[in-house]
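Residue strings, one per chain:
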Amino acid sequence: MSDPYLRVEGLVKRFGPFTALGGVDLEVYPGEVHCLLGDNGAGKSTLIKTLSGVHEPTKGKIYIEGKPVKFRSPRDASDAGIGTVYQDLAINQLLSVTRNFFMGRELKGSFGTLRMDEMNQIAHDEMLKIGIDFSDPTQAVGTMSGGQRQTLAIARAIYFGAKVLILDEPTSALGQKQQMGVLKTIKKVRARGDIGIIFITHNEIHSRLVGDRFTFLALGQTIGSGTNSEINDEEMRRLMSGGAEMGDLKQELAAI
Amino acid sequence: MADQNEAGRLKQETALQKLLRRPEIGSFTVMLIIIVALSFASEGKSFNALGLKNNIAIIAQYGIIATGAAVLMIAGEFDLSIGSMIGFAGMAMSMMLKWGLPFGMGEATPFTAFIFTLAMTLIFGWLIGTVVVRSGLSSFIVTLAFLFFLRGVTEVSFRLINKSTQISGLPDYKEESWFANLLGGDVFGWFYDLWFMLGGNLNRKGAQWVDGFDARFLWWLIISAVAYFILSRTQFGNWIFATGDNKEAARANGVPVNRVKVTLFMFTAFCATMFAACQVFDTNTSDAAKGNLMELFAIAIAVVGGTLMTGGFGSIIGVVFGAITVGLVANAVFFIPAIDGAWFRVFLGAILLAAVFANERIRKRITGGI
């Protein structure tokens, strides 16, 4: 087995007296989808914000290809190959697909002018690679569907050198068919073999469909982890509900 | 059904359809109507040699500040201090010309007076922008504070040093200084020469009537062209749009949002200074009330030209059309003496409201109705 691209060891993040993460371990391998599951408030958001350089960890280590790293800003993290696709996608609706794709990292010509044709071509090609043929990259993002916007954000992160792609609940606000579209995109990125994906979701079925490895968080702790074959459905349901036994829950519900 | 894909849902349009969907089409249509209506109502006077010059003079004035206001609005901020900045810049320049440079640095030339003034206004622009981005307060309230502050400073300085709130009778600097001539002299003389050679442009004695446009015409064209180029063809332009549309998204992608905004507040200050400089060197006068209400005209023209109040979208070409429309109507009373000048404001209010609705429709069309 190859080495993990990203390894997290005993990560602790405290906000004043509040412990958001109380020692989380995580390993992300190239060509694998690592599902991060947990209820609201389990610490998923804090974990990804720490990985993407928004927060600095209180304790614990982050390793990239075995070397310890420290992220002081989102820029550091993205330079280290961590591409985060947030829930709101960091996309501007009124701007064209191309202008969004290259936002902040535009290609410039000799006089500081934009190389628009080249940028249009790249935006089109990169999005085609992971799933959608977008005939006109000069149209505004506002005209795209939610799934297409996800694709744009993912293609952008990959093009700008992401080796670990963090997808923050990419399927949560979408319709059934578009959810499948996003899962297909995840599979396509996985098939490249050189990119590891952290897939954050609430949806057990989605994680089963694309996940290779699972980590379950509850109250800031890792309460379980394993590969797809190691964890059966029963176990998965138990871990997703924060460790409570399904049987207990059934009894509680029946008592009302 | 099976071979239908998402891309296929976007209707392919002809060139004409695309043209008709451009955001500038509304302001362009209004402009055409105004030009035609005004030509008839003024019996051609508004577009004879002198009429054209006078109309362009006010259009260029509006256009210069509206360009600054529009670019700033695209980045999602307002500047209500433009009018007071015009007053301040005019005061600073004329006082230096009359009383000499500050700190006993001797006599001012038009060039040094302009450079000193520009340095001050750019510092004010930087200060306004910095207060807005650091405090996170609405630019509406911060620039409203500077509207009062700068107007007050202008009046107080006039009274303290000059003992009067106006300066008139400065020497005609255009005669000797190439720099003053650049700001206050004539441009495009060849146009009127050609018109004269073709048998028009005659005064009552049969000699050539008008020699050229005011220099601010050229400055307006330059400022508009530069703004258009930056917005559509440069990285900074992309940052301006991104900043105004969704600040957080822009920031997450590495756009220096605060730097963009501060730069644009300095740009509106620059536009206000150019407005004032052209006025001072054209008329050789200044007055503490100069530029009053101009910030509101600038914003109105930007909106009439298709700029969104919420930022992220706008067009310099639209602003050019807007400036022409508003400038022509503002001047109409001089060519059609029968009408009451106050109708101008009635008209401006009406097209402003119409433009806001039209812009909102465009925004909804682009964002899919959200």
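These remarks concern the structure in this document.

Here is what the cut-offs are and how they apply
- Residues numbered from 1 in each chain as written.
- Chains lettered and ligands numbered in written order.
- Predicted model: local features only at pLDDT ≥ 70, side-chain atom pairs only at ≥ 80, totals over all residues.
- Heavy atoms only, no water.
- Helix = DSSP H or I, 4+ residues; strand = E, 2+ residues; numbered from the N terminus.
- Rg over C-alpha atoms; globule rule 2.2 N^0.38 Å.
- Contact = heavy atoms within 4.5 Å.
- Areas by Shrake-Rupley, 256 points an atom, 1.4 Å probe, with all protein chains shown as cover.
- Lys, Arg positive; Asp, Glu negative; His and termini not counted.
- Charge placed at Lys NZ, Arg CZ, Asp CG, Glu CD.
- Buried area = accessible area lost by both parts, 1.4 Å probe.
- Salt bridge = Lys/Arg side-chain N within 4 Å of Asp/Glu carboxyl O.
- Polar contact = N/O pair within 3.5 Å; in protein donor to acceptor, adjacent residues only side chain to side chain.
- Nonpolar A, V, L, I, M, F, W, Y, C, P; charged D, E, K, R; others polar.
- Pairing = 2+ DSSP bridges.
- 1 Å grid on protein atoms, 1.4 Å probe; cavity = no way out; pocket = protein on both sides within 12 Å on 5 of 7 lines; lining within 4 Å.
- Points joined across faces, edges and corners; volume = space filled by probe spheres on them.
- Buried < 20%, exposed > 50% of the residue type's maximum accessible area, 1.4 Å probe, protein only.
- Core = buried A, V, L, I, M, F, W, Y, C linked by side-chain atoms within 4.5 Å.
- Patch = residues over 30% accessible without salt bridge, like charges linked within 9 Å, V, L, I, M, F, W, Y side chains within 5 Å.

Concerning the overall build of chain B
If you tally the helices and strands in chain B, you get 15 helices and four strands. Against the compact-globule benchmark of 21 Å for 370 residues, chain B has a radius of gyration of 22 Å, which places it among compact chains. The long-range fraction of contacts in chain B, counting pairs at least 24 apart against all pairs at least 6 apart in sequence, stands at 76%. When the accessible surface of chain B is summed, it comes to about 17300 Å², and 67% of that surface belongs to carbon and sulfur atoms. Each charge class in chain B was averaged separately, 27 positive and 23 negative side chains, and the resulting centres sit 6 Å apart.

Quick word on the interface of chain B and chain A
Each partner contributes to the interface: chain B provides 31 residues, whereas chain A provides 26 residues. Together chain B and chain A conceal approximately 2400 Å² of surface at their shared face, both sides included; 52% is due to carbon and sulfur atoms. Taken together, the links from chain B to chain A amount to zero salt bridges. Our enumeration of links across chain B and chain A arrives at eleven residue pairs in polar contact (both at pLDDT 80 or more). At the level of secondary structure, the elements contributing two or more residues to the side of chain B that touches chain A comprise α9 (215-233), α10 (235-245), α11 (247-252) and α15 (343-367) of chain B. With seven residues, α10(B) is the single largest residue contributor to the side of chain B that touches chain A. Grouping the amino acids of the side of chain B that touches chain A by side-chain chemistry returns 15 nonpolar, twelve polar and four charged.

Considering the pairing of strand β1 (residues 6-15) of chain A
Residues and elements named next belong to chain A. In this sheet, strand β2 (residues 18-28) lies alongside β1 in antiparallel orientation, the contact comprising eight bridges. Paired with L6 across the strands is V28, a residue of β2. Here β1 folds back onto β2 in antiparallel fashion, the turn holding two residues, of which G16 has a positive phi close to 60 degrees. Of the strand pairs in this sheet, β1 and strand β4 (residues 59-64) are connected by five bridges, and their pairing is antiparallel. For V12, the partnering residue across the bridge sits in β4 and is K59.

What about empty space enclosed by the protein?
All names here are of chain B. For the structure shown, the criterion picks out one cavity of 30 Å³ or more. Its volume calculated, the largest cavity comes out at about 30 Å³. I86, G90, A276, Q279, V280, T285, S286 and K290 are the residues that line the largest cavity. Among the elements of the structure, α4 (82-99) and α12 (257-283) are those that each provide at least two residues to the lining of the largest cavity. Here the lining of the largest cavity gets three residues from one element, more than from any other, and that element is α12. Class assignment of the residues belonging to the lining of the largest cavity gives a composition of three nonpolar, four polar and one charged.

Overview of the environment of A:A162
Residues and elements named next belong to chain A. By secondary structure assignment, the location of A162 is in the loop between α5 (146-159) and β7 (164-168). Taking the relative accessible area as the measure of exposure, A162 reaches 5% and is therefore buried. A sequence separation of 34 residues divides A162 from G196, and the C-alpha atoms of the two residues are 8.9 Å apart. Once residues lying within four places of it in the same chain are set aside, the contact partners of A162 are G81, G83, A157 and I195.

Topic: the nonpolar core
Within the largest apolar cluster, 110 residues are counted, with the highest numbers of intra-cluster contacts made by B:Y62, B:I86, B:F114, B:L183, B:W220, B:I240 and B:F344. Looking at this core element by element, the count peaks at 16 residues for helix α3 (residues 49-74) of chain B. Here B:I86 is in contact with B:I65, B:A272, B:F275, B:A276, B:Q279, B:K290, B:G291 and B:M294, once residues within four sequence places are set aside. In terms of nonpolar packing, the next biggest core, distinct from the first, is built from 43 residues, A:F101, A:V141, A:A155 and A:I231 among them.

Quick look at a nonpolar patch on the surface
On the surface, B:W99, B:V156, B:L160 and B:I161 cluster together to form a nonpolar patch covering roughly 430 Å² of accessible area. The element contributing the most residues to the nonpolar patch is helix α6 (residues 139-162) of chain B, with three residues.

So, the pattern of salt bridges
For the structure shown, the criterion picks out 16 salt bridges over all chains. Close ionic contact of A:D194 with A:K163 constitutes a salt bridge, the shortest N to O distance being 3.7 Å. Here A:D194, found in the loop between α6 (176-192) and β8 (196-201), pairs with A:K163, found in the loop between α5 and β7; they are 31 residues apart in sequence, far enough to count as distant. Given a relative accessible area of 31%, A:D194 falls into the partly exposed group. A single salt-bridge network, built from bridges that share partners, covers B:K53, B:D186, B:D214, B:R216 and B:D282.

Examining the side chain of B:T273
All names here are of chain B. Note that T273 resides in helix α12. Polar side-chain contacts of T273 include one of 2.7 Å to the backbone oxygen of A269. Non-local contacts of T273, meaning those with residues more than four positions away in its chain, are made with A89, M93, F114, T117, L118 and T121.

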